[in-house]
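Coordinates in review
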Amino acid sequence: MCNRKFAILFVLLLSLFTIKVNSQEISLSNNAEVSVLTCGTGSEIYSLFGHTAIRIKDTTNFVDQVYNYGTFDFSTPNFYLKFVKGDLQYLETSCTFEEFFQEYLYEKRSIDEQVLNLSQEKKQALFDYLNASLQSDERFYTYKFIDKNCTTMVINTINKIIGKPVIGINSSDAQTCRTILYPYFNNHFYTQLGTSIIFGNKVDLKSEQLFLPSELYNNIKDLKVNNQPICKESNKILEVGKTEIPFSWWNNFYVFCLFFLIIILLNKPSIYKAYFVLLGLLGLFFIFAGFYSLHRELVNNYNILLFNPMLFALIYFEIKNNKKWILYSSIFCIICLLIYIAILINKPYLGIVAPFIITSGVRLIQLFLKNRR
């Protein structure tokens with residue numbers, strides 16, 4: 001989440017060197033303001049969750065800089081493997097507010113500003129800290145989808161300067177990470193499906209921290225520190241009308257269901273074998289990702305009960321026409337399927353994996369009835 005296009009990386013890095021070399025030595029005036037910027041969602045996958053950044057503005061010293069933690073480099077060797085493994089390095093960058101504004105104006109994404117009620121001492125400390133980290137290795141961090149992203153880094157930075165974790169989540173209001181994330185994929189069906197089945201049980205736990213820009217915005221809006229609102233002022237800097245996402249003939253649930261309906265109606269053993277091979281391969285990938293990746297969201301993935309590697313054994317016994325072991329294998333897979341349905345009863349994505357469940361169930365019951373004699 002909160003990824004930034006590599007196309008703007010050069011601009012952001014250039015801005016790092018164009019700010020005053022001794023900016024960390026600037027004494028901010030009493031007019032200085034520190035703001036949290038919350039940017040709207042976009043249509044690209046990297047922008048589905050929005051973005052969070054820090055703005056420091058001081059008209060007296062001609063300072064108007066935006067600091068964000070959402071930049072990565074596509075030219076990183078083994079970029080995708082590092083992303084999957086969970087050791088991809090993101091970095092803090094800085095640019096002028098005007099550059100930041102023009103980017104989001106071009107992408108037609110809103111910008112909301114929340115001016116923080118900080119003392120002059122805290123403003124200066126935050127300004128010095130951000131500029132010092134820009135010029136050190138501290139600007140790099142290992143990206144984690146939920147635990148360490150552009151929003152959590154902003155929260156940690158502000159809390160560090162304030163001296164206590166004032167920005168955080170109310171445990172009584174906490175939802176599961178899966179419930180929070182799921183609506184963001186609306187109108188992106190295959191992305192919604194893919195993220196649903198690749199995530200393990202960690203995302204079914206109640207969120208222990210704020211990790212999305214909109215969550216942080218709502219938290220700051222109502223937060224009080226020492227009986228004083230932490231948000232002194234809210235501004236709508238860039239308001240963008242809701243963009244209608246064009247209808248896709250293939251990226252939708254109905255075409256997805258049609259594919260499975262065809263498999264069931266054709267009812268050909270060869271097609272079912274190919275279908276089970278696909279499910280088995282996905283299951284092996286989930287197992288591999290769980291062991292290989294450092295992303296805790298991919299560990300303990302119960303979706304292998306549906307995408308079951310045992311289907312390879314079932315296919316093998318079918319080819320060998322071993323009725324006894326076809327029966328045993330089909331019973332085992334049916335039991336796994338029933339356990340999977342029980343787990344998904346209260347999960348938001350039960351509906352979109354239902355075609356998998358129905359198609360697998362139909363074929364497994366066919367095999368059970370045919371070989372039980």
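Up top you'll find the structure we're talking about.
Description of the structure in this document. Here, residues in each chain are numbered from 1, in the same order as that chain's written sequence. Per-residue local features of the predicted model are confined to residues with pLDDT of at least 70, and side-chain atom pairs are confined, for both listing and counting, to 80 or more; whole-chain, interface and lining totals are unaffected and use all residues. Side-chain measures were taken over the full set of non-hydrogen atoms in the model, leaving aside hydrogen atoms and water.

**Considerations on the nonpolar core**
For soluble globular proteins, the rule of thumb is that nonpolar side chains tend to be buried together. To keep things clear, this is the line we draw: Take the buried Ala, Val, Leu, Ile, Met, Phe, Trp, Tyr and Cys residues and link them wherever side-chain atoms come within 4.5 Å; each set so joined is a nonpolar core. Only protein chains enter the accessibility calculation, which uses a 1.4 Å probe; a residue is then buried when its area is under 20% of its type maximum, exposed when over 50%, and partly exposed in between. Secondary structure is summarised from DSSP: a helix means a run of H or I of at least four residues, a strand means a run of E of at least two, and numbering begins at the N terminus for each. Contacts are assigned to residue pairs that have any heavy atoms within 4.5 Å of one another.
In terms of nonpolar packing, the biggest core is built from 51 residues, with Ile54, Ile56, Ile158, Ile167, Leu181, Leu216 and Ile220 touching the most fellow members. When residues of this core are traced back to their parent elements, those giving at least two are strand E1 (33–39), strand E2 (51–58), strand E3 (63–71), helix H4 (120–134), helix H5 (150–162), helix H6 (177–181) and helix H8 (213–222). Top contributing element to this core by residue count: H5, with six residues. Ignoring anything within four residues of it in the chain, the contact list for Ile56 reads Leu28, Glu33, Val34, Val63, Asp64, Gln65, Tyr67, Leu126, Phe127 and Leu130. Judged by nonpolar contacts, the second largest core, of 31 residues, contains Tyr302, Leu314, Val353 and Ile357.

**Structural notes on the packing of helix H12 (residues 323–344) against helix H13 (residues 350–371)**
The following threshold applies: For every element, the axis is a line fit to its C-alpha atoms; helices are fit only across the contacting stretch, and the angle between N-to-C directions ranges from 0 to 180 degrees. Each angle receives one of four descriptions, namely roughly parallel if under 35 degrees, roughly antiparallel if over 145, roughly perpendicular if within 65 to 115, and oblique otherwise. Less than a right angle of anticlockwise turn of the near helix away from the far helix marks a crossing as left-handed, whereas a clockwise turn marks it as right-handed. Here the nonpolar group is Ala, Val, Leu, Ile, Met, Phe, Trp, Tyr, Cys and Pro; Asp, Glu, Lys and Arg are the charged ones; every other residue, Gly included, is treated as polar.
Interaxial distance between H12 and H13 falls to 9 Å at its minimum, and their mutual angle equals 155°. One finds that H12 runs roughly antiparallel with respect to H13. Relative to H13, the crossing made by H12 is left-handed. Touching Lys323, Ile326, Leu327, Ser330, Ile331, Cys333, Ile334, Leu337, Tyr340, Ile341 and Leu344 of H12 are Leu350, Val353, Ile357, Ser360, Gly361, Leu364, Ile365, Leu367, Phe368 and Asn371, all from H13. Split into classes, the residues belonging to the contact of H12 with H13 amount to 16 nonpolar, four polar and one charged.

**Things to note about H12**
Which entries qualify depends on this criterion: Multiplying 1.5 Å by the helix residue count minus one yields the expected span of that helix.
For H12, built from 22 residues, the straight-helix expectation of 32 Å at 1.5 Å per residue is met to within 8% by its first-to-last C-alpha distance of 31 Å. If you check which residues of H12 are buried, you get Ile326, Leu327, Ser329, Ser330, Cys333, Cys336, Leu337, Tyr340 and Leu344. Buried residues belonging to H12 abut helix H11 (310–319) and H13.

**Section: empty space enclosed by the protein**
Filter applied, for reference: Only protein atoms enter the calculation, which uses a 1 Å grid: trapped sets of points that fit a 1.4 Å probe without letting it out are cavities, open sets showing protein on both sides within 12 Å along at least five of seven lines are pockets, and any residue with an atom within 4 Å of a point is a lining residue. Grid points are joined across faces, edges and corners, and a volume is the space filled by probe spheres set on the points.
Counting across every chain of the model gives two cavities of 30 Å³ or more. One number sums up the size of the largest cavity: a volume of about 50 Å³. In terms of lining residues, the largest cavity is bounded by Arg178, Leu181, Tyr182, Phe185, Thr195, Ser196 and Phe199. Sorting the residues of the lining of the largest cavity by element identifies H6 and helix H7 (189–198) as the ones contributing at least two each. Within the lining of the largest cavity, the residues separate by chemical class into four nonpolar, two polar and one charged. What the second largest cavity holds in volume is close to 40 Å³. Lining the second largest cavity we find Leu305, Leu306, Asn308, Leu311, Cys333, Leu337, Ser360 and Leu364. When residues of the lining of the second largest cavity are traced back to their parent elements, those giving at least two are H12 and H13.

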